[in-house]
Every structure is written in C-alpha cells, then in structure tokens.
Amino acid sequence: MSERVSIHGIWSSRMAFVLAAAGSAIGLGNIWKFPYITGENGGGAFVLVYLLCVAVVGLPVMMSEILIGRRGRASPVNTMRYLASEAQRPRFWVLLGWSGMLAGVLIMSYYSVIAGWALAYVFKSAAGVLTDQTAEGIASIFNGFVTSPEKLLAWHTIFMVMNAIVLSRGVRSGLEQATRFMMPVLFLLLLILVGYAYKTPSFERGLVFLFTPDFSKISAGGVLTAMGHAFFTLSLGMGAIMVYGSYLPRNSSIALAAIGIAFLDTLVALLAGMAIFPLVFANNLAPGEGPGLIFQTLPVAFGHMPYGAGFGALFFIMVVLAAWTSGISLLEPAVAWLVENRRMARIRAVALVAITAWLLGILTIMSFSDWAFVFSFLGEVKRNGFYDLLDILTANFLLPLGGLAMAIFATWCMLPASVADELEMGNGLLFRGWYALTRYLTPLAVAIVFLHGLGLVQPVIRFVQGLFSVPVGGAA
Ligand code: TRP
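Residues numbered from 1 in each chain as written. Predicted model: local features only at pLDDT ≥ 70, side-chain atom pairs only at ≥ 80, totals over all residues. Heavy atoms only, no water.

Considering the overall build of the protein
Piece 1. A count of helical and extended segments in the protein gives 19 helices and 0 strands.
Piece 2. Dimensions along the principal axes, computed over C-alpha positions, put the protein at roughly 70 × 65 × 45 Å.
Piece 3. With 476 residues in all, the protein has 58% of them scored as buried.
Piece 4. Put simply, 81% of the contacts in the protein that link residues at least 6 apart link residues at least 24 apart.
Piece 5. As displayed, the protein has an accessible area near 19,200 Å², and 68% of this comes from carbon and sulfur atoms.
Piece 6. Side-chain charges in the protein split into 27 positive and 21 negative, and the spacing between the mean points of these groups amounts to 9 Å. (Helix = DSSP H or I, 4+ residues; strand = E, 2+ residues; numbered from the N terminus. Buried < 20%, exposed > 50% of the residue type's maximum accessible area, 1.4 Å probe, protein only. Contact = heavy atoms within 4.5 Å. Areas by Shrake-Rupley, 256 points an atom, 1.4 Å probe, with all protein chains shown as cover. Lys, Arg positive; Asp, Glu negative; His and termini not counted. Charge placed at Lys NZ, Arg CZ, Asp CG, Glu CD.)

Written out as structure tokens, the structure is:
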C-alpha cells in the first residue's frame, strides 16, 4: 500500500512536532487547574496518582492518537474515513472525527474568553492597577471586569485574531514557527517566576504542599479527578494531537515523541505550582480558590511584593503564550477539514472557523454577565451557566469518549500489522506490552472515568455487588 501524504505539509522534524504538541498540551489546564486540584487532593499523593494515570491512560491514548493521525495523514474526519475503510470497519468511525472537530471549536469558544482575561491582566498588572490592593479590592476589579461584556468581547476578539494569524500561515511557517519561538519563551518566563518564588520565605512551604505525599488525603474521587485531568491536560480525545500527528514525518519514533510531550506537560504543571504556591503562602492567602486562583488570589500576592507589577505582568504573558499555542491546536482539525473537503484556501478556512468559535464565545461572555438569565433553564445556574455547560459537555463527555474510541480503534479495529508498522517499535516486548495495555487496561480505565462523569460509578458498583452478593450471601 502506498504511503499517504499530507496536503498541508509536515513538520520539519520530530522535535518540531514535540514542541507543537507540547504547546497544545501546555495550557490553562497546567497553570491554574493542576496546582489547585493538587492542593485539594492531598498534594504529593495526588501527584503520584496523576503520574500513574499519565502512564496508564495518557501515554497509550496519545500514542494511539498520533499513530492514527500519521497513518491517515489528513484531518481527523478524513483520517477516520480512510482508516475505517482500510481496515474494513463500519463508516460510523468517521463520527469520531466529527465529534473531535466539534469539541475543538466548542472548547476554543470559551478557552478564548478566558485567555482574553489573561491578556487583559497583562495590562492591568503592568499598569499597576492591581498593586497594593486588598483581597476585596482585587475581587471587585475581577467582578467588574467579567461582567462587562464589551471588555470581554474586545479581549476575546484579540485572542481569536492572534490564533487566526498563526493558523493562516500554515503548518510550517505558522504552527511550527510560532511554537518554536513561544515555547522557549514560556519556559524562560516560568523559570524566572520560579526563581522569584524561591526568593520568598515560603518557598519551602510551597514545595511541601506540592510534594509531600499524604495518602490518607486521597480519595477515590481524587483518583478519578487525576485521570480526567490527565486527558484534558494532554489535549487527548479530540483530534488535536491526531491532526498534529498527521504532519509527523516518517521515521520518527511515536513512543519517544509521546513521552517527550507528556514529560514537558507534567514539568510545566509542577513548575507552575512551584511558582504559584509560595507567593500565595507568603501572603497568607488560601491555595484552594479554584478558578479564582490566578485571577484573584495571585494578583493580591503580586500586589504586595517587590516588583510585583512587573512579575505579575510576566506571569500573565506566560499564561497567554500557553493558551495561544493550545488555541491553534483546537481549531486546526476544522481548518484542515475545510481545506481538504471544500477546497478552500487556508486563509478562508481559518476565517470561517475562527469566526464560528468567536460567535459561540459571545454566548460564554454573555453567560458571565447580562444574559445569565437566559441560561436559567439549566437549573440552579450561577452567572457562568453556559461556560459550565460547555466545560462539562467537552471535558466530561466528548474527550473521554473520544479517547476511549481512539484506543479501541487502534487496538481492536486497525490491523495489528499496520499499527506495528506505524509505531516502528518492531514486534518485541515493548510493542506487545503497549498493545495489551491499550487494548484492555486503558479502555477500562477510561470507561470508569467516563461513568464517573455521568455519576454512574456508584450505581454500577452496587449493581455488580448485587450480582455477586446474592448467591454468595445466600440466606443473609
Ligand atoms: N491541554 C490544554 C490545557 O491544558 C487544553 C487543550 C488544548 C485541549 N487542546 C486540547 C484539551 C484538546 C482537550 C483537547 O489547557
């Protein structure tokens, strides 16, 4: 069978792919969510569980996603269409491509709004607006900001245009160039910020908080949170990594690339925790503030520290860079599809996709402010109803389902020979270990996370217990 070629071009090297995919993986999920859920779930013990989840679920799914992409060499929709027919599987597998494309645009619609906040905070911080404020002062600045639709719209628009510019330049001179420049800057900023945190008297307390395992603090819920997060933070289950994989040159080890991406992603999450928590503790603030952590707690800390305005601005520049390299990966599957199927010039495809995500984003903006009442049909909805809805729909449903489907497709539907050929690992123990893991353990683990998202874990456990306890327990 002849080797397929990508009509969009390919990365210049495996390294370029690793940087671009790490750019996709490293995002808002690393910088605020990871530190916060770590704090909530017992610190070090949670970190260990999370690392295990990356190994058992994250890496196998990532390898599946990359190998599917590279074999298909096209947008997720066309890749799935081609691979399903190659393996003589039902056409419905193409739905995996469609759901990925949809999930990407949906995630981007709110991701861009939040990234817009970070953009605004670069300027607020640099201008000294956040300096020497009390917690109440910062909270009222934040609340005033997120309930001003016109301001959010402006920043959302700017962020979307930034993404559109990179996307319209194509794979090599857009995505690759941008990540090649932005990722090193991001790392540099992060190291500077960790250095800044090191200067505070609370650095050690931050480390203890992050790295001392206390297994009594970790619950079943914590384990499931860790697994769910492994998905989101590695950008899995949606086709972002698949489409990036479709640009991966031949003769580049997929396993090594996946390990590199997961390593960088985890490193950034840990370093972000090391930059954030010491500042929070040094100012006697609470670490478990959730979404408020970087926009409300952290600015209070920066506002009371030497050169806080400058370092605060650097922090938010870092957040913007992280979100930018993630945003482009969320839209690329749809862009690639339009170019392939509609024979559209790339720039027009980008405009169409970006405008769609931008329009959808307006719903998120409105749900933070005036329009909140429109979403009251969702039940006891607070101000951010639509944002919550999108977040739950994508992170709890579409991504785990997508990842599950990818692991299943790679190990139950594709021909084992195609898989072995694509992974270029030979047919040794390593390959067979990966195959067995991905075929059995990974789908099981993901299915459990998914059922958890649906709130069905307890009922299923009770059902299974019921099955077994009746005959065994007998008369009791
Ligand atoms: N991984 C990114 C983060 O941690 C978000 C992201 C980008 C993403 N692309 C994705 C999540 C694709 C799921 C699927 O912020």
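There is more to say, and it comes next.
With respect to the layout of surface pockets
Piece 1. A volume near 190 Å³ is recorded for the second largest pocket.
Piece 2. As for the second largest pocket, its lining consists of Trp98, Met101, Leu102, Val105, Ala334, Trp337, Leu338, Leu352, Val353 and Thr356.
Piece 3. Sorting elements by how many residues they give to the lining of the second largest pocket places helix H5 (residues 94-126) first, with 4 residues.
Piece 4. The residue makeup of the lining of the second largest pocket, split by class, is 9 nonpolar, 1 polar and no charged. (1 Å grid on protein atoms, 1.4 Å probe; cavity = no way out; pocket = protein on both sides within 12 Å on 5 of 7 lines; lining within 4 Å. Points joined across faces, edges and corners; volume = space filled by probe spheres on them. Nonpolar A, V, L, I, M, F, W, Y, C, P; charged D, E, K, R; others polar.)

With respect to the side chain of Arg346
Piece 1. Considering the arrangement of structural elements, one finds Arg346 in helix H15 (residues 346-368).
Piece 2. Here the side chain of Arg346 touches Leu167 through a polar contact of 2.8 Å, landing on its backbone oxygen.
Piece 3. With residues near it in sequence (within four places) discarded, Arg346 still touches His8, Leu167, Ser168, Gly170, Glu332, Val335 and Val339. (Polar contact = N/O pair within 3.5 Å; in protein donor to acceptor, adjacent residues only side chain to side chain.)

Looking at the packing of helix H7 (residues 149-168) against helix H14 (residues 308-341)
Helices that pack against each other are described as a pair by the angle of their axes relative to one another and the distance between those axes.
Piece 1. One way to put it is that H7 packs onto H14 with a least axis distance of 9 Å and a crossing angle of 60 degrees. Viewed along their axes, H7 and H14 adopt a mutual orientation that is oblique. Like other packed secondary-structure pairs, H7 and H14 cross with a definite hand, here right-handed. Residues Phe159, Met160, Met162, Asn163, Val166 and Leu167 of H7 form the contact with H14, whose own contacting residues are Val320, Ala323, Trp324, Gly327, Ile328, Leu331 and Glu332.
Piece 2. Its residues placed into classes, the contact of H7 with H14 shows 10 nonpolar, 2 polar and 1 charged. (Axes fitted to C-alpha atoms, helices over the stretch in contact; angles between N-to-C directions. Parallel < 35°, antiparallel > 145°, perpendicular 65-115°, else oblique. Left-handed = near helix turned anticlockwise from the far one by under 90°.)

Considerations on unusual backbone geometry
Piece 1. Although it is not a glycine, Ser235 sits at a positive phi angle of roughly 60 degrees.
Piece 2. The residue Ser235 is located in the loop between helix H10 (220-233) and helix H11 (240-245) in this model.
Piece 3. In the Ramachandran plot, Arg343 falls in the positive-phi region, its phi being about 50 degrees despite a non-glycine side chain.
Piece 4. If you trace the backbone, Arg343 turns up in the loop between H14 and H15.
Piece 5. Exposure remark for Arg343: the relative accessible area of 77% places this residue in the exposed category.

Comments concerning the confidence of the model for the protein
Piece 1. Across the protein, the average pLDDT comes to 89, with 94% of residues at or above 70.
Piece 2. pLDDT under 50 marks residues 472-476. Its contacts with residues more than four places away, or in other chains, come to 1 contact. (pLDDT = per-residue confidence, 0-100.)

Considering empty space enclosed by the protein
Piece 1. Per the stated rule, a full pass over the model turns up 2 cavities of 30 Å³ or more.
Piece 2. The volume enclosed by the largest cavity comes to roughly 170 Å³.
Piece 3. Taken together, 19 residues form the lining of the largest cavity, with Ser24, Tyr111, Phe232, Ser235 and Leu330 sitting closest to its centre.
Piece 4. Elements represented by at least two residues in the lining of the largest cavity include exactly helix H1 (14-25), helix H2 (28-40), H5, H10 and H14.
Piece 5. Among the residues forming the lining of the largest cavity, the class breakdown is 12 nonpolar, 7 polar and no charged.
Piece 6. The set of elements that each furnish at least two residues to the lining of the second largest cavity consists of helix H13 (292-303) and H14.
Piece 7. By residue number, the principal contributor to the lining of the second largest cavity is H14, which donates 4 residues.

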